[in-house]
Amino acid sequence: MLIDNIRDDFAKLQQEIASGPIVPNVSAEEIRAYLGGRYEFATRMSLEHVIADIEKMLQTWQVQVTHPRYFGLFNPSVTLASVVADTLVAMYNSQLANWRTSPAANEIERHTLHWLSSKLGLPDGSACTFTSGGMEANLSAAVVGLTHSFSGYGEYGLRGLPASPTIYLTKEAHHGYNKIAHMTGLGRRALRMVATDPQLRMDVHDLERQVIDDRRNGFAPFMVVGTAGTTAVGVIDPLPEIGRICRVEGLWFHVDAAWGGSAILSPMLRHHLAGIETADSITCDAHKWLSVPMGCGMFFCRHTESVAEAFRAEVSYMPGKQSGPVRDPYTTSAQWSRRFIGLKLFMALAHHGESGYVEMIDHQATMGNVLRHSLTNFGWKIVNSTPLPLVCFTRDGLDTTKFIAALHERQIAWMSPVEIAGTPAVRACITSYRTTEPDIHWVVNEMNRLADEQQSFRQEARAAAIPLEETQGVNA
Ligand SMILES: Cc1ncc(COP(=O)(O)O)c(C=O)c1O
């Protein structure tokens, strides 16, 4: 069986990655020269040789996002079941564009999505689709929201509308909305930045004010994006209040829960997502906190007919056209040819069960708390506030750029820089179900040592009156 071949390789690779470096040190020139010298494709190579070479490149020339000390940008450690699923998908090459070609695959996706849709509190029969990622799901929300809100949008586009539509979000929302505003023809200036409170949550009074002002000035407000787990700091916008304003003002309420949405499975965390069930549409990525390989985004929408209208397509050449309760995915989503994206989530859910997922999610939330407490105990300042496992921190005099560079160079952990209200900080997100408490304590100890070293180096430099710029890059 396939699993017998993959299980050992998967376990071995996990071990190798966990005990190896996290951050590569390589230039584009080096890789290009390597590829150019070996792969002119003029001669045939044995597959074994190519596989070995690719594995060597991937093991040495990438940030190992499945490393237990990768505290990064929502890229998870993946589960065996989801890896086997992706292999099966490639082997069968199921085409999900129309239902009749892949009935089993389409129903497996439908079954999985509807299970999650009901967890999110959306009504039965809501439209759900797997997407390439959060970006496609958020783009789908904007397109469906426009279609729902402006009857002429589909046929005549934005130029047929009497007023310019506007979208409301905070500067903490994902920056993909800039591209979405660009791609939909709304224009980047259609994005209205709503003020935030001191915790960086959307200020709903400012939202109300801006909507009223825009209407008075001849714009057509149509959509508010509330984020559940912002990318930089993990904040959850006040979803119930935003939902209420959207209902009163007749606005489309999109919840971008690309990362945080998976917390809906956790009895310990789900109350933080209260209000998500009032959304018109939701983005949630399984390739973030549900620990499956990329790309596995999901788009949920309570307005089935608006989704069908937004993505309708009339063609004669698609075989076995479906209608009624069974819809062809190419007529209900942005993609046409469709990979069997959802199998990895289906198989991982079937293998681990809901309880296994609750354990994985709660474990990561607990590791986030361990990191927060340990940093606080050692005098670091936590500069964000979220119940999710994303910790932003700094300490007096820390040069975050130098600190993070040294963190990577010494292979202590992968963390990233972030700026909160103009203050630079270090961002660490627990994204691996394999991160343990000893990992965290080891990392914090190493960070303490590193920060002390860098501080005493700066003091010595100052005492010796060495101009600070001469110390750049030293002591990495
Ligand atoms: C809140 C949020 N929305 C959307 C996205 C985009 O998701 P993807 O990278 O899967 O397209 C991200 C990515 O991190 C995100 O954090």
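Description of the structure in this document. Predicted model only: the values in this text are computed from it and were never measured.

Let's talk about the sheet that holds strand S6 (residues 281-285)
1) Next: Strand order across the open sheet formed by seven strands is S1-S7-S6-S5-S4-S2-S3, with mixed pairing between neighbours. Looking along the sheet, the strands with just one partner apiece sit at the ends: strand S1 (127-131) and strand S3 (191-194). Pairs of neighbouring strands in the sheet enclose a mean axial angle of 20 degrees, with direction left out of account.
2) Next: The pairing of strand S4 (residues 220-227) with strand S5 (residues 252-256) spans five bridges and is classified as parallel. Each residue of the ladder has a partner; that of Met 223, found in S5, is Trp 252.
3) Next: On top of the sheet, helix H5 (residues 103-119) reaches S1 and strand S7 (297-301); it is set at about 115 degrees to S1, its chief contact.
4) Next: The strands that helix H9 (residues 204-216) touches are strand S2 (165-170), S3 and S4; relative to S3, the one it contacts most, it runs at about 145 degrees.

Looking at the nonpolar core
1) Next: One finds Met 298, Phe 300 and Leu 345 to be the most contacted residues of the largest nonpolar core, which totals 60 residues.
2) Next: Looking at this core element by element, the count peaks at seven residues for helix H13 (residues 343-377).
3) Next: Ranked by size, the runner-up nonpolar core spans 28 residues in total, among them Leu 186, Phe 299, Val 307 and Phe 311.

Examining unusual backbone geometry
1) Next: Going from Met 294 to Gly 295, the amide bond is cis rather than trans, its omega being -15 degrees.
2) Next: Looking at the element boundaries, Gly 295 is found in the loop between helix H11 (286-289) and S7.
3) Next: Of note, the phi angle at Phe 41 is positive, near 60 degrees, even though the residue is not glycine.
4) Next: With respect to the helices, strands and loops of the structure, Phe 41 is situated in the loop between helix H2 (28-38) and helix H3 (47-60).
5) Next: Here Asn 93, not a glycine, exhibits a phi torsion of approximately 50 degrees, which is positive.
6) Next: Positionally, Asn 93 belongs in the loop between helix H4 (80-92) and H5.
7) Next: By relative accessible area, Asn 93 is classed as exposed at 61%.

Parameters and conventions
- Residues numbered from 1 in each chain as written.
- Predicted model: local features only at pLDDT ≥ 70, side-chain atom pairs only at ≥ 80, totals over all residues.
- Heavy atoms only, no water.
- Pairing = 2+ DSSP bridges.
- Helix = DSSP H or I, 4+ residues; strand = E, 2+ residues; numbered from the N terminus.
- Axes fitted to C-alpha atoms, helices over the stretch in contact; angles between N-to-C directions.
- Contact = heavy atoms within 4.5 Å.
- Core = buried A, V, L, I, M, F, W, Y, C linked by side-chain atoms within 4.5 Å.
- Buried < 20%, exposed > 50% of the residue type's maximum accessible area, 1.4 Å probe, protein only.

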